[in-house]
Amino acid sequence: MMGDGIQEEKDYEPQTICEHLQYLFALLQNSNRRYIDPSGFVKALGLDTGQQQDAQEFSKLFMSLLEDTLSKQKNPDVRNIVQQQFCGEYAYVTVCNQCGRESKLLSKFYELELNIQGHKQLTDCISEFLKEEKLEGDNRYFCENCQSKQNATRKIRLLSLPCTLNLQLMRFVFDRQTGHKKKLNTYIGFSEILDMEPYVEHKGTRGLSSPPRIEPAPAPPALEGEVLTTGLPGGSYVYELSAVLIHRGVSAYSGHYIAHVKDPQSGEWYKFNDEDIEKMEGKKLQLGIEEDLAEPSKSQTRKPKCGKGTHCSRNAYMLVYRLQTQEKPNTTIQVPAFLQELVDRDNSKFEEWCIEMAEMRKQSVDKGKAKHEEVKELYQRLPAGAEPYEFVSLEWLQKWLDESTPTKPIDNHACLCSHDKLHPDKISIMKRISEYAADIFYSRYGGGPRLTVKALCKECVVERCRVLRLKNQLNEDYKTVNNLLKATVKGNDGFWVGKSSLRSWRQLALEQLDEQDGDADQSSGKMNGNTLNKDESKEERKEEEEELNFNEDILCPHGELCISENERRLVSKEAWSKLQQYFPKAPEFPSYKECCSQCKILEREGEENEALHKMIANEQKTSLPNLFQDKNRPCLSNWPEDTDVLYIVSQFFVEEWRKFVRKPTRCSPVSSVGNSALLCPHGGLMFTFASMTKEDSKLIALIWPSEWQMIQKLFVVDHVIKIMRTEGGDANPSETQYISEPKLCPECREGLLCQQQRDLREYTQATIYVHKVVDNKKVMKDSAPELNVSSSETEEDKEEAKPDGEKDPDFNQSNGGTKRQKISHQNYIAYQKQVIRRSMRHRKVRGEKALLVSANQTLKELKIQIMHAFSVAPFDQNLSIDGKILSDDCATLGTLGVIPESVILLKADEPIADYAAMDDVMQVCMPEEGFKGTGLLGH
């Protein structure tokens, strides 16, 4: 044991990793428990038990950590124990083909990593590991003796073998086609006896003939060609199998480890599967069901036949061989007193726990016997004959009969109706028992309410009968009502009914009857369980009632009869009586009932307003025909010769005015030009002449002088904005100059540009579009050759609708025509954002997919979104925008120049058609952390 340097304190508790390992070994040797919980050791290492890790990687890192920690011990036996048991040595030997010079690079090893691809036997894997490699062509070797590059051979030459030989089978390999790791489920045969003598070369004085040593290996040869002698007979190369680690599972990213370990003293094999330890029969290794994989039947390969003393496995991951010796190892080691005290303390706790469990088991048995006697006593008295009886929940009775669970109080609330009595529809989930048994139940277990023979709700029975009668009668009444509707109603005996209600009255009645049937279920909830949320059920029922109410389709907003006779018709008194049986709460309107007087007044006012709007629209359309039809419009980049002045209005004003002229009855008239939207808070123009000819041309509309005179007559003009053309001054008389009035405000213009750029970089939940490309061409998902957008919508229908209640800050569209006040800078920025959104709006074409993104999310997060949308793994995605490749996964979309309405092109590199499991995909998407941050790496 590793007791060197540890103080024997009375209240000693292990702290370091080695101390926890030492305590773990002490427990394994002297504990009374069937298995040992290594939680303290795991915590000391800083491992996350919820994360899958690689056993081979853990083995390497732990051996390195253990060797480094023990090297600081004073006792040489403790200091060198890892090297003595697990460390071997080999040399990379390179031989020049020209001069025959041999150079060696010595290296220690704690395990041999063996490639299994293409092999069936362990010995073949070892032979490949030691196989000679030719260095030719571009891979030639620079010979120090020849002073030039020469053809050469290189191989690994074993120098010494450890007492414990750890062979790691490389089952997890990188698949270049899919871009992630996969498991090789190849059968590998291995023997229980492994003779390593053939793999140690013997070449006279130039060779290395160093069998494994129990003592530490001698110092490596310092001179080339030095002879190494062996102090052990040749039989010392023979190893026997002592442990097999199995990785059960198809995937390289998930699975389960099971260890088979041989007791060196008794020679018996044990299987360790978490806390389940199983002793193998007959002192033989039995891999058993560990070889069963959940693979498709097509990919299953037949297990090869194995001879005596050999095994074949497609899940064996690590093989541990121990040097075969004549003497049996002494595994009984004297545990230090301070550690034995910890073990004894743990054994005492375990004994106390065992006594406690035995007492609990005895109490449970006693309770079970008492319960059994109770069931035996009452079971014969449960049935109710001629004597008085009560109703009890059938579910509660079943739980009472189950002796394995404690009996809870009786709860009959779930079977009550709205009148707090037994609902007739709940009889099927109740059991009628004798009053004698009920008295005993309630005295022992409590609960309630008690449901006697008088508990059945008479009101619910009557209502249930009415509903059933109406359901059975509905089809006949439907035919009767249809025949009555064919007759002409005479006089004032009829009733007004909505045409929509008449068309669907049978469906409405059926749904209403079904809803009445389900009221008990909604109010009662689950038997002996959670009840439904009353508020939620009320809200849902209220919404359904709003949709299903009969004859409310002819109600006006004031609750009276609507004025439109096209939506209603008269039915006879007989037909109305039939309908009232199903809809007793429906609004009733006799034929003599007058329509809503308020609606009549509003209708007259609406007709007058529509006539006025039509007249205004016709006048404005006649006065500004070219502006309406967008014909013969002036252009700043090609200034017309016949004028030196052009006026400017907002394009938004023009679009709103055209919408009104096209549909005057549906839109309000535009009363104000609203030019302040184009000005800054200081009254300066926000656009340069150059920007108005390019990017800002979509925000303004140019007006002829003659049209401007008409606009001044028809609309309220808050600010006059014009561009004037003048000839150059004395310095350059031939140069044409353009002057705006009011003049440009440079500060606000710069602020606007900065704000626009900031908005494009600081968005949240904005829409972008991803288009998949093949051979650098856009490919439609439905193989359509065109990229046309549907053109069935009219121009005004394509306009963006404003949210309800939102008023445009720039235009007063009321009939009063009052002049609008000057807007603030914040309102102007909001307007500019709206204009920017309208001008940048991307028309989605078929085959594209829209994604909601934010400026602060990374490109890596976007790739995961694209993976779910297109089934293309992130490492197969080549993304670009406007010809720029997007490659920095850690960069945010804002810094990469991805703005709202952007179109990102996606080109996939050999997309994967099918993943073994979605878990594999997510493991691939997220970088593997390994043992980063744990104690195995010194953190």
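This structure is a prediction, so every number in the text was calculated from the model and none was measured.

Engineer: Honestly, the overall build of the protein chain in this entry has me stumped. Any pointers?
Structural biologist: Across its full length, the protein chain holds 23 helices and 35 strands. For the protein chain, the exposed surface amounts to about 54200 Å²; the carbon and sulfur share of it is 49%.

Engineer: Sorry if this is basic, but what is going on with the environment of Ala 855 here?
Structural biologist: Following the sequence through the fold, Ala 855 ends up in the loop between β32 (849-853) and α22 (859-870). Here Ala 855 falls in the buried class, since its relative accessible area comes to 5%. In this structure the C-alpha to C-alpha distance between Ala 855 and Val 898, which are 43 residues apart in sequence, comes to 7.7 Å. Discounting chain neighbours no more than four positions away, the residues touching Ala 855 are Arg 761, Glu 762, Tyr 763, Thr 892, Leu 893 and Gly 894.

Engineer: Honestly, the sheet that holds strand β21 (residues 430-434) in this entry has me stumped. Any pointers?
Structural biologist: Two strands in a sheet stick together by hydrogen bonds in their backbones, pointing the same way (parallel) or opposite ways (antiparallel). The strand order across the open sheet built from three strands is β21-β19-β23, with neighbouring strands paired in antiparallel fashion. One side of each edge strand has no neighbouring strand; the edge strands of this open sheet are β21 and β23 (451-452). Both strand β19 (residues 389-393) and β23 contribute to a ladder of two bridges, which runs antiparallel. Looking at β23, one finds that Glu 390 is bridged to Thr 452.

Engineer: Which parts of the structure should I look at to understand the sheet that holds strand β29 (residues 736-741)?
Structural biologist: The four strands are arranged β27-β26-β28-β29 in an open sheet whose pairing can be described as antiparallel. In this open sheet, the two edge strands, each paired with only one partner strand, are β27 (700-703) and β29. When strand polarity is set aside, the average angle formed by the axes of neighbouring strands in this sheet is 30°. Running over the sheet, helix α17 (residues 651-662) touches β26 (645-650) and β27 and is turned about 70° from β26.

Engineer: What is the right way to look at the pattern of salt bridges in this model?
Structural biologist: Working definition: two side chains of opposite charge can pair if their charged atoms are close together. A full pass over the atoms with the stated rule returns 23 salt bridges. Between Glu 240 and Lys 262 there is a salt bridge, with its nearest N and O atoms 3.9 Å apart. Placement of the pair is Glu 240 in strand β13 (residues 238-248) and Lys 262 in strand β14 (residues 256-262), with a sequence separation of 22 residues. For Glu 240, a relative accessible area of 27% puts it in the partly exposed group.

Engineer: Mind showing me how you'd approach the environment of Leu 702 here?
Structural biologist: For Leu 702, the location among the structural elements is in strand β27. Taking the relative accessible area as the measure of exposure, Leu 702 reaches 12% and is therefore buried. A C-alpha to C-alpha distance of 7.2 Å links Leu 702 and Cys 635, two positions 67 residues apart in sequence. If we skip the residues at most four places from it in the chain, Leu 702 touches Arg 633, Pro 634, Cys 635, Leu 636, Leu 646, Tyr 647 and Ile 648.

Engineer: Please clarify how unusual backbone geometry should be interpreted in this entry.
Structural biologist: Backbone phi values are negative for most residues with the exception of glycine, while trans is the configuration of most peptide bonds. The omega angle of the peptide bond from Gly 448 to Pro 449 is -5°, so this bond is cis rather than trans. Note on placement: Pro 449 falls in the loop between β22 (447-448) and β23. Here Glu 741 and Pro 742 are connected by a cis peptide whose omega angle stands at 5°. As for its position among the elements, Pro 742 is in the loop between β29 and α20 (746-761). The backbone of Asp 420 shows a phi angle near 60°, a positive value even though the residue is not glycine. Relative to the assigned elements, Asp 420 resides in the loop between β20 (410-411) and β21.

Engineer: Just checking my understanding: could you explain the packing of aromatic side chains for this structure?
Structural biologist: Two descriptors summarise a pair of aromatic rings, namely the distance from one centre to the other and the angle between the planes of the rings. Counted under the stated rule, the structure contains 21 aromatic pairs. Taking the centre distance of 4.3 Å and the plane angle of 10° together, the rings of Phe 550 and Phe 583 count as stacked. Here Phe 583 lies in the loop between α14 (573-582) and α15 (597-623) and Phe 550 lies in the loop between α13 (534-548) and β25 (568-571), a separation of 33 residues in the sequence. Phe 583 carries the same exposure label as Phe 550, and that label is buried. Between Tyr 647 and Trp 708, the ring centres sit 4.9 Å apart and the planes meet at 5°, which makes this aromatic pair stacked. Here Tyr 647 is found in strand β26, whereas its partner Trp 708 is found in helix α19 (residues 705-714), with 61 residues between them in sequence. Neither residue differs from the other here; Tyr 647 and Trp 708 are each classed as buried. Every member of this aromatic cluster is reached through a ring pair, and the members are Tyr 90, Tyr 92, Phe 109 and Phe 129. Over the aromatic face of Trp 496 sits the side chain of Arg 568, whose NZ or CZ is 4.3 Å from the ring centroid.

Engineer: Looking at this structure, I do not really get α15. What am I missing?
Structural biologist: Structural remark: α-helix, 3.6 residues per turn; residues separated by three or four positions point the same way. Helix length check: α15 (27 residues) gives 39 Å between terminal C-alpha atoms against 39 Å at 1.5 Å per residue, within 8%. Looking at α15, one finds that the buried residues are Cys 599, His 613, Ala 617 and Gln 620. Contacts from the buried residues of α15 go to α17 and α19.

Engineer: Hey, could you run me through a negative patch on the surface in this one?
Structural biologist: On the surface, Glu 603, Glu 605, Glu 607, Glu 608 and Glu 610 cluster together to form a negatively charged patch. Overall, the relative accessible area of 57% leaves Glu 608 in the exposed class.

Conventions adopted
Residues numbered from 1 in each chain as written. Predicted model: local features only at pLDDT ≥ 70, side-chain atom pairs only at ≥ 80, totals over all residues. Heavy atoms only, no water. Helix = DSSP H or I, 4+ residues; strand = E, 2+ residues; numbered from the N terminus. Areas by Shrake-Rupley, 256 points an atom, 1.4 Å probe, with all protein chains shown as cover. Buried < 20%, exposed > 50% of the residue type's maximum accessible area, 1.4 Å probe, protein only. Contact = heavy atoms within 4.5 Å. Pairing = 2+ DSSP bridges. Axes fitted to C-alpha atoms, helices over the stretch in contact; angles between N-to-C directions. Salt bridge = Lys/Arg side-chain N within 4 Å of Asp/Glu carboxyl O. Phe/Tyr/Trp six-rings, centres within 6.5 Å; stacked < 30°, edge-to-face > 60°. Lys NZ or Arg CZ within 6 Å of the ring centre and 35° of its normal. Expected span 1.5 Å × (residues − 1). Patch = residues over 30% accessible without salt bridge, like charges linked within 9 Å, V, L, I, M, F, W, Y side chains within 5 Å. Lys, Arg positive; Asp, Glu negative; His and termini not counted. Charge placed at Lys NZ, Arg CZ, Asp CG, Glu CD.

None of this, on its own, says anything about what the molecule does.
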